[in-house]
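Geometric and topological summary
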Amino acid sequence: MTEKNIDGSFAEIAAAKVAEKGASLRSENEIRTIAVGNYMGESYEERISKITDKTAASAFQTAYAKKMAGVTDGVSVISRAYSTEKAGATNFEDAFLQYDVIIHVGNANISSGNWQRNDFPFWKYFDKNTSADALNDWKPEGANPSQMRSDLQRNYNSVGSGRIAILVPESLQQKMDADPEYARQIIAKLQAWKEDYDRWDNTVAASYGYNVAEHQAVFHAYEKNIVEL
């Protein structure tokens, strides 16, 4: 993803061609109770309604159907392998051992409209010196620009792959620090979100004839704003 998954997510690339931005790395997805019938923390209907690219929509339907049926195929195995590094982890670093995990604890208060902008400077959250609230006062100028604009592509690509930026509210971090079991629940839900996202994105990549293992290993970075259960 240089998505939003930030650079080369096939779901993102396909989406960009038709101004599709649902489920991308920068989308304002929040960790909530992930129940049967939900995918990436949203209901099936909520998620599919955001996907306008036909190939990406078909891939999502395929990935969702396989998940609900409990089917284990090559795509799901690879997606899970990169999302469940350590079962029962109580901190984000252990949860994603193959990634450079950047955590910002604080109160990021960003409107849904700003999160959905192609020019929202989410890439700054991949700088460890950026505070969680650093972009709270960011204001857009003009119409939402094309995701393919050259300066935005440079900023997306500056993130690189194999990185995860996580925004954690102070109150949530305090609860996680005080209660390891609660921390495990939060982290398990984040792992589940990532596995769902990767299953969909990798299914799109496979539909374009790409090597899924290589795509998963090389082209992904993530940003996630989490909330309390």
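Bear in mind that the values here come from a model prediction, so they are computed numbers and not experimental data. (Residues numbered from 1 in each chain as written. Predicted model: local features only at pLDDT ≥ 70, side-chain atom pairs only at ≥ 80, totals over all residues. Heavy atoms only, no water.)

**Concerning the overall build of the protein chain**
When its secondary structure is counted, the protein chain shows ten helices and five strands. Among the 229 residues that make up the protein chain, the fraction classed as buried is 51%. A total accessible area of about 10,000 Å² is found for the protein chain, and carbon and sulfur atoms account for 49% of it. (Helix = DSSP H or I, 4+ residues; strand = E, 2+ residues; numbered from the N terminus. Buried < 20%, exposed > 50% of the residue type's maximum accessible area, 1.4 Å probe, protein only. Areas by Shrake-Rupley, 256 points an atom, 1.4 Å probe, with all protein chains shown as cover.)

**Comments concerning the nonpolar core**
With 26 residues, the main nonpolar core has Phe92, Phe96, Ile166, Met176 and Trp200 as its most contacted residues. Sorting the residues of this core by element identifies helix H3 (54-69), helix H5 (92-95), strand S4 (163-168), helix H8 (170-178) and helix H9 (180-207) as the ones contributing at least two each. Broken down by element, the residue count for this core peaks at nine residues, all from H9. Excluding residues that lie within four positions of it along the chain, methionine 176 makes contacts with Phe92, Tyr182, Ala183, Ile186 and Ile187. Membership of the second largest hydrophobic core comes to 14 residues, among which are Trp115, Tyr156, Val159 and Leu167. (Core = buried A, V, L, I, M, F, W, Y, C linked by side-chain atoms within 4.5 Å. Contact = heavy atoms within 4.5 Å.)

**Brief notes about H3**
Note on helix geometry: an α-helix contains 3.6 residues per turn, so any two residues three or four positions apart are oriented the same way. Helix length check: H3, at 16 residues, gives a terminal C-alpha distance of 22 Å against a target of 22 Å (1.5 Å per residue), a fit within 8%. Within the span of H3, buried status applies to Ala56, Ala57, Ala59, Phe60, Ala63 and Tyr64. Projected down its long axis, H3 shows its buried positions confined to an angular sector of 160°, all on one face. Of the exposed residues in H3, those oriented more than 90 degrees away from the buried face are Lys54 and Ala69. Phi for glycine 70, located one or two positions after H3, is positive at around 75°. (Expected span 1.5 Å × (residues − 1). Arc of directions from axis to C-beta.)

**With respect to the environment of alanine 59**
Mapped onto the fold, alanine 59 is located in helix H3. For the pair formed by alanine 59 and aspartate 201, sequence separation is 142 residues and the distance between their alpha carbons is 7.9 Å. If sequence neighbours within four positions are ignored, alanine 59 has contacts with Trp200, Thr203 and Val204.

**Section: the pairing of S4**
Among the six residues of S4, six are classified as buried, and the element is accordingly described as predominantly covered. Residue alternation in S4 divides its side chains into two sets, Arg163, Ala165 and Leu167 and Ile164, Ile166 and Val168, and both sets are buried. As paired elements, strand S3 (residues 100-105) and S4 share six bridges and run parallel to each other. Its bridge partner being in S4, isoleucine 102 is matched across the sheet by alanine 165. (Pairing = 2+ DSSP bridges.)

**Topic: the packing of aromatic side chains**
Taken as a whole and assessed by the stated rule, the structure comprises six aromatic pairs. Relative to tyrosine 125, the ring of tryptophan 115 has its centre 6.4 Å away and its plane inclined at 20°; by these criteria the two rings are stacked. Here tryptophan 115 is found in helix H6 (residues 112-115), whereas its partner tyrosine 125 is found in the loop between H6 and helix H7 (150-158), with ten residues between them in sequence. Residue tryptophan 115 is classed as buried on the basis of its relative accessible area, which comes to 2%. (Phe/Tyr/Trp six-rings, centres within 6.5 Å; stacked < 30°, edge-to-face > 60°.)

**Some details on the packing of H8 against H9**
Running from amino to carboxyl end, H8 crosses H9 at an angle of 125°, the nearest separation of the two axes being 5 Å. When the interaxial angle is binned, H8 and H9 end up oblique. Facing H8, whose interface residues are Leu172, Lys175, Met176 and Ala178, H9 presents Pro180, Tyr182, Ala183, Ile186 and Ile187. Partitioned by chemical class, the residues of the contact of H8 with H9 number eight nonpolar, no polar and one charged. (Axes fitted to C-alpha atoms, helices over the stretch in contact; angles between N-to-C directions. Parallel < 35°, antiparallel > 145°, perpendicular 65-115°, else oblique. Nonpolar A, V, L, I, M, F, W, Y, C, P; charged D, E, K, R; others polar.)

**Thoughts on the confidence of the model for the protein chain**
Across the protein chain, pLDDT averages 75, with 74% of residues at or above 70. The least confident element of the protein chain is helix H1 (residues 10-17), whose mean pLDDT is 41; the most confident is H8, at 93. Under a pLDDT of 50 for its full length, residues 1-36 has, in the predicted model, 145 contacts with residues more than four places off or in other chains. (pLDDT = per-residue confidence, 0-100.)

**Remarks on helix H4 (residues 74-81)**
Among the residues of H4, those classed as buried are Val75, Ser76 and Ser79. Taken end-on, H4 shows its buried residues confined to a sector of 95°, consistent with a single buried face.

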